[in-house]
Amino acid sequence: MPAGRLAGLGATRDCRHGPLAMRAPEGLSLAPFRAPRYWPTWFLWLFLQAVARVPLSVQMALGRRLGPVLRRIRKRDRAVARRNIEICFKELSAAQRERLLERHFESVGLSLVEMGIGWFSPLDRLRRIIRVEGREHLVRALAKGRGVLLISAHFTTLEVGVAILEDLCPRVATMYRTQRNPMMDVLIRRGRSRFASIQIPRDNVRALLRRLKENHVVAYMPDQSYLGNQSTMLPFFGEPALTNIVTSKLARISGATALPYFFRRLPGDSGYVVEIGAPMPDFPSGNAESDTLKFVALLEDYIRRVPEQYLWLYKKFKRRPEPYGDPYL
């Protein structure tokens, strides 16, 4: 399933010129993980490398077969996804929502395979299977010299969608969340190191602002981050959810240009599309809640295009204060 919830050869790369050396990034050795409890993660690492070498049609067929298996064995994830879909798609019948749940787990199965694509496929192959739209918005934003915030969200196609950043810009930083499985944490950072040599812990705002000042592109996904008093209750598909409102504040403080950055899997095993949007009007406006609602509206519109590809396994509506309560109980 998506990386946040897999392992990289850890090539050190330059965004413009491809691989410089196939070696583990500094501090990301796999040597400490020899205990039997890490053997399943080692198997996954080998699987991802192997699957990256086969044709796209074979990769997609394999991922779709994994989906029903995950839906059967991941009972807790299935329950969370079903509840999220019920909340966000009230207009659908029960049968339609169940079909969407099935398609979502197909997408989750595909996301496993796509980790291998994103972390191990040569750049030339990524160029062939990923169509980039709106590249000119990124070029213009970088020319200003104040950094770029690529505002995105957790879709199941994440690892492919961000891997193409290797080809789009010379300096990329990403935010990351530490994983419970320490080997998995290393694998994710190794895999993403091909395009992002700088990976910033999600609570290190100073480091993020410093990279923007140096005219880096920072990939930022606020849809699953809650930062204490930097969060507030805002509607998501009409349902109140605790929402990160710090994005516009980061843009205001840094002077960086904020661009929507979305990605999706195309039908018929025809590849992927990455869409870099134009700067949102009057963003930042000085009103963090209003600015956040602008992005949430864009996100909802994109989710409706491919609802099965958004990551519904996350408890989006948790931690809500009274009188809202927890819908997952």
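Residue numbers restart at each chain and count upward from 1, following the sequence in its written direction. For a predicted model such as this one, the threshold for reporting local features is a pLDDT of at least 70, and the threshold for listing and counting side-chain atom pairs is 80 or more; totals across whole chains, interfaces and linings nevertheless cover every residue. Here the side-chain values reflect all heavy atoms present in the structure, with hydrogen atoms and water set aside.

Requested: an account of the pattern of salt bridges, with residues and values cited.
Side chains that differ in sign of charge can pair as their charged atoms come close. Salt bridges, as used here, are contacts in which a Lys or Arg side-chain nitrogen is within 4 Å of a carboxyl oxygen on Asp or Glu. In total, this model carries 20 salt bridges according to the counting rule given. Between Arg-127 and Asp-124 there is a salt bridge; the shortest N-O distance is 2.9 Å. Of this pair, Arg-127 and Asp-124 both sit in helix H5 (residues 123-129), 3 residues apart, which is roughly one turn of that helix. Close ionic contact of Glu-159 with Arg-192 constitutes a salt bridge, the shortest N to O distance being 2.5 Å. Of this pair, Glu-159 sits in helix H7 (residues 158-163) while Arg-192 sits in helix H9 (residues 182-192), and the two are 33 residues apart along the sequence. Each member of the pair, Glu-159 as well as Arg-192, is classed as buried. Bridged by salt links that share partners, the residues Lys-90, Glu-239 and Arg-320 form one connected network. Counting from the N terminus, the helices are DSSP H or I runs at least four residues long and the strands are E runs at least two residues long. Accessibility here uses a 1.4 Å probe with only protein chains present; expressed as a share of the type maximum, an area under 20% marks a residue as buried, one over 50% as exposed, and anything in between as partly exposed.

Tell me about the side chain of Gln-59, residues and numbers included.
In this structure, Gln-59 sits in helix H2 (residues 56-73). Relative accessible area serves as the criterion here: at 0%, Gln-59 is assigned to the buried category. By the criterion applied in these results, polar contacts are pairs of N or O atoms within 3.5 Å in which, for protein atoms, one can donate a hydrogen and the other can accept it, and in which residues neighboring in sequence qualify only through two side-chain atoms. At 3.3 Å, the side chain of Gln-59 and the side chain of Arg-125 are in polar contact. Setting aside residues up to four positions removed in sequence, Gln-59 forms contacts with Val-51, Ala-52, Val-54, Leu-110, Val-113, Ile-117 and Arg-125. Residues count as neighbours in contact if any of their non-hydrogen atoms are within 4.5 Å of one another.

Summarise unusual backbone geometry; cite the residues concerned and give the values.
With an omega of 5°, the peptide bond between Phe-283 and Pro-284 qualifies as cis. Cis peptide bonds are those with omega within 30 degrees of zero, and the linkage from Glu-322 to Pro-323 qualifies with 15°. Positive phi is not limited to glycine here, since Asp-269 has a value of about 55°. Take Asp-269: it is sitting in the loop between strand S10 (257-265) and strand S11 (272-276). Judged by relative accessible area, which is 28%, Asp-269 ranks as partly exposed.

Explain empty space enclosed by the protein residue by residue, including any values.
Throughout, the protein atoms alone are placed on a 1 Å grid, and a set of points is a cavity if a 1.4 Å probe fits but cannot get out or a pocket if it is open with protein on both sides within 12 Å along at least five of seven lines; lining residues have an atom within 4 Å of a point. Grid points are joined across faces, edges and corners, and a volume is the space filled by probe spheres set on the points. Considering only enclosed or pocket space, the largest cavity measures out at about 140 Å³ in volume. Thr-243, Asn-244, Thr-292, Phe-295 and Val-296 are, among the 17 residues lining the largest cavity, the residues nearest its centre. Among the elements of the structure, strand S8 (231-236), strand S9 (239-244), helix H11 (247-254) and helix H12 (288-305) are those that each provide at least two residues to the lining of the largest cavity. At 5 residues, the largest contribution of residues to the lining of the largest cavity is made by H12. Split by residue class, the lining of the largest cavity holds 9 nonpolar, 5 polar and 3 charged. In the scheme used here, Gly and all other residues not listed as nonpolar or charged are polar, with Ala, Val, Leu, Ile, Met, Phe, Trp, Tyr, Cys and Pro taken as nonpolar and Asp, Glu, Lys and Arg as charged.

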